[in-house]
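# Observations on the three-dimensional arrangement
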Amino acid sequence: MTIIGTKDLCVNFGTLPVLSDVTFGVQKGDYIGLVGPNGSGKSTLIRCILGLLRPAKGSVSLFGHDAHEMREREKIGYLPQRIDFFNPRFPSTVAEIVSQGLIAGGRARRGYRKNRIETMLELLEISGIRNRLIGDLSGGQQQRVLIARALVNEPELLILDEPASALDPETRGNFFSLLQDLNEKRGVTIIMVTHDIGGIGEYASKLLYLDKKIIFFGGFDEFCRSENMAQFFGSASQHIICHEHH
Amino acid sequence: MEILEFLNYGFIRRALLAGSLISLICAVLGVILVLRRLSLIGDGLSHVTFGSVALAMFLNVYPLAVSVPVVAIASLGILRLTEKAGIYGDAAIGVVSSVGIACGILLASVAGGFNVDLFSYLFGSILSISMPEVVIAVIVSGAVLAAVYIHFEEIFSITFDDEFARASGIPVTRINSIIMVLTAVTVVLAMKVVGIMLTSALLVLPAVTAFQNARGFRNAMLIASLVSLLSLVTGIALSFALDLPAGASIVLINFIFFCCAFLVRNLTGSRVR
């Protein structure tokens, strides 16, 4: 089943092309590592997939619908890129923020909401700080709260924009294990934007290397064997990336 | 009870009823606006209100009939400028408010000045509020409170993280437009309570007072509402007892509450970062 499909996707900011002719498909259960240099269009692609940005040309389908028209938003869990986007003085508790993840899909029963929030708080090990204000937390704790918000609705598709950037090594390891569990045991489809091209190979089933257009899309082993990629990255870099993967 | 003697006067009861409702909705909207870094929208829209009142006087029609649509359009203009013209909220407010006040000055000049009438709008006259204005305040307050109650979760989500809200399928543009129109109508009504010059205070002061010690978004709205109501009632009572201007008294009581909340925060160590 195709979860995401893009066809000849082009996005321009003014006259500057940000994405050119991007065509790819994501199948149910895929775990995609979306990598590329700064300014390569990764976050722009994510915004197009979510229907937050209209492309200049081409199309994006999400669960078989046009991304802009897709209504079943409870199927999607999203973690935006920047952790410092919100007002640090925002008077909101951890539990209140996690509960925002349940808005998509309408008003769930109070009991169900409470239960889901409790489960997420425990899973992300933030039960003890449930009544603390978001601005009082460290960057890593804030990131865990936002991850809990993305997961609380039990989404079928998880879109994570640099989720591990503020996490300490232990939390990071637990977080990646959790994602692997969700992907392997529950069939959750995952797209993760990351700069850790070597590290992502340990978890992701496919790699999408973007630099305004698709440079590579396929399995990690295929990436490691690819002569084109050896030319693109240089064989030494490719070796280092693939060494980390294995 | 001598202390409650002032309640025997009809104009005081009208002022308390309409003023309480208007201060309540100012507090609720103020929490949303301040968190979205649109604190000065009250100031900007009140400048537009000045222009619209001048226009109403120029045309010789009832000021609210002109102010409500004009200020609502200006409010939506601020929203569209921030969304489409790629400028920050404070700059958009600056553009709209300066155009509003320039129009007012121009109209006043063309008409040869409006003297006392326009002056009363600058400084407010809650004690002279009429029964039809009380009815309007009841209707608008009901609409604002109902809209915030119905869309509370969505408003909270948009205020905290606009992009996540959009990704969750919340109709952000529609809800933003509703908030901006309701803010515009509220600012026009607040002009009657504290005047054009001090309208912004009714939106900002209760909110920043609440933020000193609030433990949650809903909690912040409740504290801001309580502070705003207490300031209104105390301000009107003081104004009656000491023959002081009501608008300025209400604003200064609000400021005293802010100072108290600030002290409590620092003495108890709550919200220390």
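Everything that follows concerns the structure shown earlier in this document.
Since this is a predicted model, take the numbers as computed values, not measurements. (Residues numbered from 1 in each chain as written. Chains lettered and ligands numbered in written order. Predicted model: local features only at pLDDT ≥ 70, side-chain atom pairs only at ≥ 80, totals over all residues. Heavy atoms only, no water.)

## Some thoughts on the pattern of salt bridges
Counted by the stated rule, this structure contains 13 salt bridges over all chains. Put simply, lysine 7 of chain A and aspartate 8 of chain A hold a salt bridge, and the shortest N to O gap is 3.7 Å. The salt bridge partner of glutamate 83 of chain B is arginine 80 of chain B, with a shortest N-O separation of 3.3 Å. One end of the pair is glutamate 83 of chain B and the other is arginine 80 of chain B, both in helix 3 (residues 63–84) and 3 residues apart, which spans about a single turn. Judged by its relative accessible area of 32%, arginine 80 of chain B is partly exposed. (Salt bridge = Lys/Arg side-chain N within 4 Å of Asp/Glu carboxyl O. Helix = DSSP H or I, 4+ residues; strand = E, 2+ residues; numbered from the N terminus. Buried < 20%, exposed > 50% of the residue type's maximum accessible area, 1.4 Å probe, protein only.)

## Quick look at the packing of helix 10 (residues 199–213) of chain B against helix 11 (residues 217–242) of chain B
Residues and elements named next belong to chain B. One way to put it is that helix 10 packs onto helix 11 with a least axis distance of 8 Å and a crossing angle of 125°. Judged on the interaxial angle alone, helix 11 and helix 10 are oblique. Where helix 10 crosses over helix 11, the handedness of that crossing is right-handed. Seen from helix 10, the contacting residues are Pro206, Ala207, Thr209, Ala210 and Phe211; seen from helix 11, they are Ala220, Ile223, Ala224, Val227 and Ser228. Residue composition of the contact of helix 10 with helix 11, by class: 8 nonpolar, 2 polar and no charged. (Axes fitted to C-alpha atoms, helices over the stretch in contact; angles between N-to-C directions. Parallel < 35°, antiparallel > 145°, perpendicular 65-115°, else oblique. Left-handed = near helix turned anticlockwise from the far one by under 90°. Contact = heavy atoms within 4.5 Å. Nonpolar A, V, L, I, M, F, W, Y, C, P; charged D, E, K, R; others polar.)

## Regarding the side chain of arginine 144 of chain A
All names here are of chain A. As for its position among the elements, arginine 144 is in helix 4 (residues 139–151). Buried arginine 144, no salt bridge; nearest opposite-charge side chain is glutamate 125, N-O distance 4.2 Å. If near-sequence neighbours (up to four positions away) are discounted, arginine 144 is found in contact with Leu124, Glu125, Ile126, Leu167 and Thr171. (Lys, Arg positive; Asp, Glu negative; His and termini not counted.)

## Looking at the sheet that holds strand 2 (residues 16–27) of chain A
Residue and element names in this part refer to chain A. Within the open sheet, the 4 strands sit side by side as 2-1-4-5. Their pairing is antiparallel. At either end of the open sheet lies a strand with only one pairing partner, and these are strand 2 and strand 5 (65–66). Direction of pairing for strand 4 (residues 57–62) relative to strand 5: antiparallel, over a ladder of 2 bridges. Note on strand 5: the bridge partner recorded for serine 61 is aspartate 66. (Pairing = 2+ DSSP bridges.)

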